[in-house]
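# Descriptive structure summary
Here's the letter readout for the chains.
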Amino acid sequence: MKESLVAQKLSSDIAADILIGRDDLSSHSAVIDNFWSDTSAPSELRFLAEIFWSEESFYARFETPQTEHFVVSSMPNLQAKTIGLWERDVCEIFIAPDKHEPRKYFEFEVAPTGEWLDLAIDITSGERVTDWEYNSGMVVAARIEDGRVTMAMKIPWEAFGKKPKAGDVWLGNIFRCVGNEPDRGYLAWRPTMTEKPNFHVPEAFGEFHFV
């Protein structure tokens, strides 16, 4: 049985920066405390993830500790997607709207700087094909506090080509990349169990339940 995470429905559409400050919206969350390899991550790297939805949008919210040095851009571009964002501190969510075809999915990333990335992925052929021009219309927000970073993303349903209803199940995974090599941490909600860090493993996806 796949591990699941509940996406609680919001009573109304809200902005991503409002979601940053709201820790009272849901009793459902995932504490992500393992590396991609399924080994336990130290407490200072573990993070919290929550997902939500409204009639207009999908939302994800991440709370991460930050005791180590930031690995971020000194000149972030917030007006366009940042290719290669995965090489710095970032939280990611992969979403497959069709639970019968997890090899077609979307990748969304947000950094502590407020940088973002959205991609459409198709590996049904056995090779990964990435749509670098994919434009989801996502909006993100990030807040850095003493020892903590909170990040949020808001994605309109048009980005997925469909909209769920209560009771639907989508598939996906949630990740965090943090720190510098050789001690860089690659955390995963559903460990991918690959020899080297690799998040693009649809077989490891868990379930997102819309309620």
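What this report covers is the structure whose coordinates are included nearby.

Cut-off values and rules
- Residues numbered from 1 in each chain as written.
- Predicted model: local features only at pLDDT ≥ 70, side-chain atom pairs only at ≥ 80, totals over all residues.
- Heavy atoms only, no water.
- Helix = DSSP H or I, 4+ residues; strand = E, 2+ residues; numbered from the N terminus.
- Buried < 20%, exposed > 50% of the residue type's maximum accessible area, 1.4 Å probe, protein only.
- Lys, Arg positive; Asp, Glu negative; His and termini not counted.
- Salt bridge = Lys/Arg side-chain N within 4 Å of Asp/Glu carboxyl O.
- Pairing = 2+ DSSP bridges.
- 1 Å grid on protein atoms, 1.4 Å probe; cavity = no way out; pocket = protein on both sides within 12 Å on 5 of 7 lines; lining within 4 Å.
- Points joined across faces, edges and corners; volume = space filled by probe spheres on them.
- Nonpolar A, V, L, I, M, F, W, Y, C, P; charged D, E, K, R; others polar.
- Core = buried A, V, L, I, M, F, W, Y, C linked by side-chain atoms within 4.5 Å.
- Contact = heavy atoms within 4.5 Å.

### Regarding the side chain of E92
By secondary structure assignment, the location of E92 is in strand 5 (residues 90–96). Here E92 sits buried without a salt bridge, and the closest side chain of opposite charge, R184, lies 6.6 Å off (N-O distance).

### Structural notes on the pattern of salt bridges
Taken as a whole and judged by the stated rule, the model has 14 salt bridges. R176 is the salt-bridge partner of E68, the closest N and O atoms lying 3.8 Å from each other. With a gap of 108 residues between them, E68 in the loop between strand 4 (57–65) and strand 5 and R176 in strand 11 (residues 169–178) connect regions that are remote in the sequence. A relative accessible area of 2% means that R176 is categorised as buried. One connected set of salt bridges, linked through shared partners, spans E50, R61, E63, R143, E145 and R148.

### Comments concerning the pairing of strand 9 (residues 139–145)
Bridge count for strand 9 against strand 10 (residues 148–156) is 7 bridges, and the pairing is antiparallel. Its bridge partner lying in strand 10, E145 is registered against R148. Counting the residues in the hairpin turn of strand 9 and strand 10 gives 2 residues, including G147, whose phi is positive at 80°.

### A closer look at the pairing of strand 11
Summarising burial for strand 11: 10 of the 10 residues are buried, a large majority. The side-chain alternation of strand 11 yields two buried faces, one formed by V169, L171, N173, F175 and C177 and the other by W170, G172, I174, R176 and V178. As judged from the 7 bridges shared by strand 5 and strand 11, these two strands associate in the antiparallel manner. Of the residues in strand 11, the one forming a bridge with F94 is N173. As paired elements, strand 11 and strand 13 (residues 206–210) share 4 bridges and run antiparallel to each other. In the sheet register, V169 faces strand 13, and the bridge partner there is H209. As paired elements, strand 11 and strand 12 (residues 185–188) share 4 bridges and run antiparallel to each other. Among the inter-strand pairings, F175 is bridged to a residue of strand 12, identified as A188. The turn linking strand 11 back onto strand 12 is made up of 6 residues, and G179 within it adopts a positive phi angle of 90°.

### Some remarks on the layout of surface pockets
The computed volume of the largest pocket comes to approximately 250 Å³. W86, E92, E107, F199 and H200 are the residues nearest the centre of the largest pocket, which is lined by 18 residues in total. When contributions to the lining of the largest pocket are tallied by element, the ones reaching two or more residues are strand 5, strand 6 (104–110) and strand 7 (116–122). Residues of the lining of the largest pocket, tallied by class, amount to 9 nonpolar, 3 polar and 6 charged.

### Brief notes about the nonpolar core
Grouped together as the largest cluster of nonpolar side chains are 57 residues, with contacts concentrated most on F58, F62, I93, F108, M153, F160 and I174. Excluding its chain neighbours within four sequence positions, the residues that come into contact with F108 are C91, E92, I93, I95, L117, D118, Y134, S136, M138, M153, I155 and F160. Counting residues in hydrophobic clusters, the runner-up holds 10 residues, among them L10, I14, A16 and I20.

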